[in-house]
Amino acid sequence: MSIGVEIIRGQAIQILGDTSRLNKLNIMTDSRKTVADGLFVPLSGHHFNGHRFLSQAIENGAVASLWMEREPLPDHLPEGFPLFLVADTLKALQSMAKAWLIHCRCKVAAVTGSNGKTTTKDMIYSILSRRFKAYKTQGNLNNHIGVPLTILAMPEDTEVLVLEMGMNHFGELTFLSQLAKPDIAVITNVGESHIEFLGSRAGIARAKLEITAGLKKRGALIIDGDEPLLTQIHTHAFQIITCGYEDHNDWKITGIKEGTEGYGFSLNHGIKEYRIPVLGKQNVKNAVLSLAVAKRLHVSSETIKEGLEHLSLTKMRFERVRGLHGSLLINDCYNASPSSMEASLETLKELPGFKRRVAVLGDMYELGSNEEKLHRGIARVLTAPLTHVVTIGDKGAWIAAPLLEKKEAAGRPEVHSFHDKTEARQFLAGLLDDQTVMLFKASRLMQLETLVSELSI
Ligand SMILES: Nc1ncnc2c1ncn2[C@@H]1O[C@H](COP(=O)(O)OP(=O)(O)OP(=O)(O)O)[C@@H](O)[C@H]1O
Ligand SMILES: [Mg+2]
């Protein structure tokens, strides 16, 4: 996992020190992490300046460094230590990533969407890695720094790269797409995340479609075909492939079978039944988007089936955890937005075989001036067979408010609102038995997973 020195050299305005012994180098942006043969790339933000940490980086394995030309040169460097002077270290990192992609000549599949990017990326990788030398975004490194780092960490002989691309503002996906020049782009869905910056759902859809900005000629865009904001586009520049539950989709999901361990489903083309070992109807759609990517790369149905059955997903996405007293806990604490919260609640309602279904829901952030309305909107899906709704946090309390305002209490779930996790813990523990399933979901900042670990065995 190392990049060629010619590519690094190509970025430099000036080179100081001795580069003759450098061969391949591993990118290092965090000076605290140990890396063998590291090229330190000091990045600067509002609150930090990576250039201050060169000595630490050297202690941890840096054998060369990029250096912003306007920064004073470091003193006390090891004799001959190579510095590649550049105008801007971040831009140099991004340009190196572009050059490495061209050098490796791999196919690129890029995944965006309001929800389900990481899940779909992991699914695509699980399939493609059975047939190709594949590499994927590790965890969630999906922005203007994470995408170049992912590209630069990919081994030279990679055949297919699966990239997650995230965004908060207009223009960000255009940039990432033009950097990575995907052969295939995927949009998982359009939700409400980051609506404060993008104005409306239509704005969000437009921003997601920026993923086509760098899409290669004769590439393919694979989308959630049940979302009218996405199916509106018509173009000859690339092929559009739709996936979903509605009849008009190119890949139409038929015959869903739910179990407590996962789902089975079939498609309009062929009789094969696919299975995924994860819950959530949204994950069936994510699986079909992944299948469409694999089909586009001529992977056989049998390999796709195996890849989906042997998925291993990034943690805290509808993860099943054994709870106290024989209960089932569902750790979906990675993050939350209204659309992902609703999708998870629908799945909780559909799980077969539990008497008590408890939704533990917390604050959702970055929803802008409509945040109260968007929290209250969740109440519409808080219906039987849910038995308990437990909210945590001040914004979380809005979620349950419409239920409490209803005159008719009969048939609605029991509602409890707590200020924080510590207050809620005792109460939640009292609900757990072998007939209980309890879902935990909130924005990342809430770190609801600490509750999950306190209530698990
Ligand atoms: N297609 C989908 N539609 C709606 N919700 C989904 C979909 N796929 C997954 N989710 C929900 O979104 C949550 C987050 O999933 P995941 O981490 O894969 O999304 P992400 O887009 O990578 O998020 P982030 O923007 O934080 O990187 C999941 O726990 C699940 O509840
Ligand atoms: Mg993600």
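The coordinates are above.
Predicted, not measured: the structure shown is a model, and the values here were computed from it.

K.L.:
So what's going on with the side chain of Arg317? Residues and values would help.
P.N.:
By the element assignment, Arg317 lies in the loop between helix H11 (301-309) and strand S16 (319-322). Among buried charged residues, Arg317 stands out as having no salt bridge; its nearest opposite-charge side chain is Glu164, 5.8 Å away. Only 3.4 Å separates the side chain of Arg317 from the side chain of Thr118, close enough to count as a polar contact. When residues no more than four places from it in sequence are discounted, the contact partners of Arg317 are Thr118, Thr119, Asn140, Asn331, Asp332 and Tyr334.

K.L.:
Mind laying out the sheet that holds strand S11 (residues 220-224), listing which residues take part and the relevant values?
P.N.:
Across the sheet, which stays open at both edges, the nine strands sit in the order S8-S9-S7-S10-S11-S12-S13-S14-S15 with mixed pairing between neighbours. Either end of the sheet is taken by a strand with one partner, and the two such strands are strand S8 (134-136) and strand S15 (274-276). Taking each pair of neighbouring strands and ignoring which way they run, the sheet shows an average axis angle of 20 degrees. Pairing geometry for strand S7 (residues 107-112) and strand S9 (residues 160-164), over five bridges, is parallel. Each residue of the ladder has a partner; that of Ala109, found in S9, is Val162. Contacts from H11 reach strand S14 (263-267) and S15, with the element oriented near 20 degrees to S15.

K.L.:
Got a sec to walk through helix H3 (residues 89-104)? Specific residues and values, please.
P.N.:
Each α-helix turn comprises 3.6 residues. Residues three or four places apart therefore point the same way. Helix length check: H3 (16 residues) gives 22 Å between terminal C-alpha atoms against 22 Å at 1.5 Å per residue, within 8%. Those residues of H3 that sit buried are Thr89, Ala92, Leu93, Gln94, Met96, Ala97, Trp100, Leu101 and Cys104. Just downstream of H3, Arg105 is the residue with a positive phi angle, here 50 degrees.

Conventions we followed
Residues numbered from 1 in each chain as written. Chains lettered and ligands numbered in written order. Predicted model: local features only at pLDDT ≥ 70, side-chain atom pairs only at ≥ 80, totals over all residues. Heavy atoms only, no water. Helix = DSSP H or I, 4+ residues; strand = E, 2+ residues; numbered from the N terminus. Buried < 20%, exposed > 50% of the residue type's maximum accessible area, 1.4 Å probe, protein only. Lys, Arg positive; Asp, Glu negative; His and termini not counted. Salt bridge = Lys/Arg side-chain N within 4 Å of Asp/Glu carboxyl O. Polar contact = N/O pair within 3.5 Å; in protein donor to acceptor, adjacent residues only side chain to side chain. Contact = heavy atoms within 4.5 Å. Pairing = 2+ DSSP bridges. Axes fitted to C-alpha atoms, helices over the stretch in contact; angles between N-to-C directions. Expected span 1.5 Å × (residues − 1).

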